[in-house]
Amino acid sequence: MGASNVFKVLSDAQRRDILEMLKNGRMSAGEIAEKLDITPAALSYHLRLLKEAELVSEYRSGNFIYYELNTTVLQDIILWVRGLGGD
């Protein structure tokens, strides 16, 4: 996914809130939905976009799916922005 799509995904406040929550560690979808007070369907939509942008990874453990922040894409964007400043 290109940088422009990542910026589009990051433009939504609820998706940024999800990333903020995940910076403290792995969380289940239920935990995220409860903290954001949104429906499972709405959360599923946001998580799908975050996964497509590779900002979030998912892990299965038993009957649960856990989500974790993937900082690799963010690090690439930071390097790109710094490069715009020149040397």
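Peer 1: Would you mind going over the overall build of the protein chain with me for this structure?
Peer 2: For the protein chain, the helix and strand inventory stands at five helices and three strands. If you list the helices and strands of the protein chain from N to C, you get α-α-β-α-α-β-β-α. Overall size of the protein chain, expressed as C-alpha extent along the three principal axes, is 50 × 25 × 20 Å. For the protein chain, the residues scored as buried account for 30% of the 87 residues in total. When contacts within the protein chain are restricted to residue pairs at least 6 apart in sequence, long-range pairs at least 24 apart make up 52% of them. Carbon and sulfur atoms make up 50% of the accessible area of the protein chain, which totals about 5800 Å². Taking the average location of the 10 positive side-chain charges in the protein chain and that of its 12 negative ones, the two points are 2 Å from each other.

Peer 1: Would you take a moment to explain the confidence of the model for the protein chain for this structure?
Peer 2: The predicted structure's coordinates, where accompanied by low pLDDT, should not be read in detail. Here the protein chain averages 90 in pLDDT, while 93% of its residues score no lower than 70. Taken element by element, the predicted model of the protein chain shows its lowest mean pLDDT in helix α1 (residues 3-10) (83) and its highest in helix α2 (residues 13-22) (96).

Peer 1: Mind showing me how you'd approach the packing of aromatic side chains here?
Peer 2: For any pair of aromatic rings, the description consists of the separation of the ring centres together with the inter-plane angle of the planes. According to the stated counting rule, one finds two aromatic pairs in the structure shown. Their ring planes at 50 degrees and their centres at 6.2 Å tell us that Phe-7 and Trp-80 sit as a pair that is tilted. Highlighted residues: Phe-7 in helix α1 and Trp-80 in helix α5 (residues 71-84), separated in sequence by 73 residues. With a centroid separation of 6.3 Å and 45 degrees between ring planes, the pair formed by Phe-64 and Tyr-66 is classed as tilted.

Peer 1: In this structure, what is going on with the pattern of salt bridges? I would like to understand it.
Peer 2: When the charged atoms of two side chains with opposite charge come close together, those side chains can pair. Counted according to the given criterion, the structure contains four salt bridges. Among the salt bridges present, the one from Glu-52 reaches Arg-48, with a minimum N-O distance of 3.2 Å. Within this pair, Glu-52 and its partner Arg-48 are both found in helix α4 (residues 40-52), separated by four residues, close to a single helical turn. According to the relative accessible area criterion, Glu-52 is partly exposed, its value standing at 40%.

Cut-offs used in this document
Throughout this document, residue positions are counted from 1 along each chain, in the order its sequence is written. Where local features are concerned, this predicted model is filtered to residues with pLDDT of at least 70; where side-chain atom pairs are given and counted, the filter is 80 or more; whole-chain, interface and lining totals use all residues. To obtain the side-chain values, all non-hydrogen atoms of the structure were used and water was disregarded. Strands are runs of DSSP state E lasting at least two residues, helices are runs of H or I lasting at least four, and both sets are numbered from the N terminus onward. Burial status follows relative accessibility: with a 1.4 Å probe on protein chains alone, a residue under 20% of its type maximum counts as buried, one over 50% as exposed, and anything between as partly exposed. In this description, contact between two residues means that some pair of their heavy atoms is separated by no more than 4.5 Å. Under the convention used here, a 1.4 Å probe and the Shrake-Rupley method define accessible areas, while residue burial counts only the protein chains that appear. The charged-residue count follows a simple rule in which Lys and Arg add positive charge and Asp and Glu add negative charge, with His and chain termini not counted at all. Where a charge lies is defined by one atom per residue type: Lys uses NZ, Arg uses CZ, Asp uses CG and Glu uses CD. Per residue, pLDDT captures the predictor's confidence, and it can take any value from 0 to 100. Side-chain rings of Phe, Tyr and Trp, where Trp is taken by its six-membered ring, are said to pair if the distance between their centres is within 6.5 Å; with planes under 30 degrees apart they count as stacked, over 60 as edge-to-face, and otherwise as tilted. Whenever Lys or Arg places a side-chain nitrogen within 4 Å of a carboxyl oxygen from Asp or Glu, that contact is recorded as a salt bridge.

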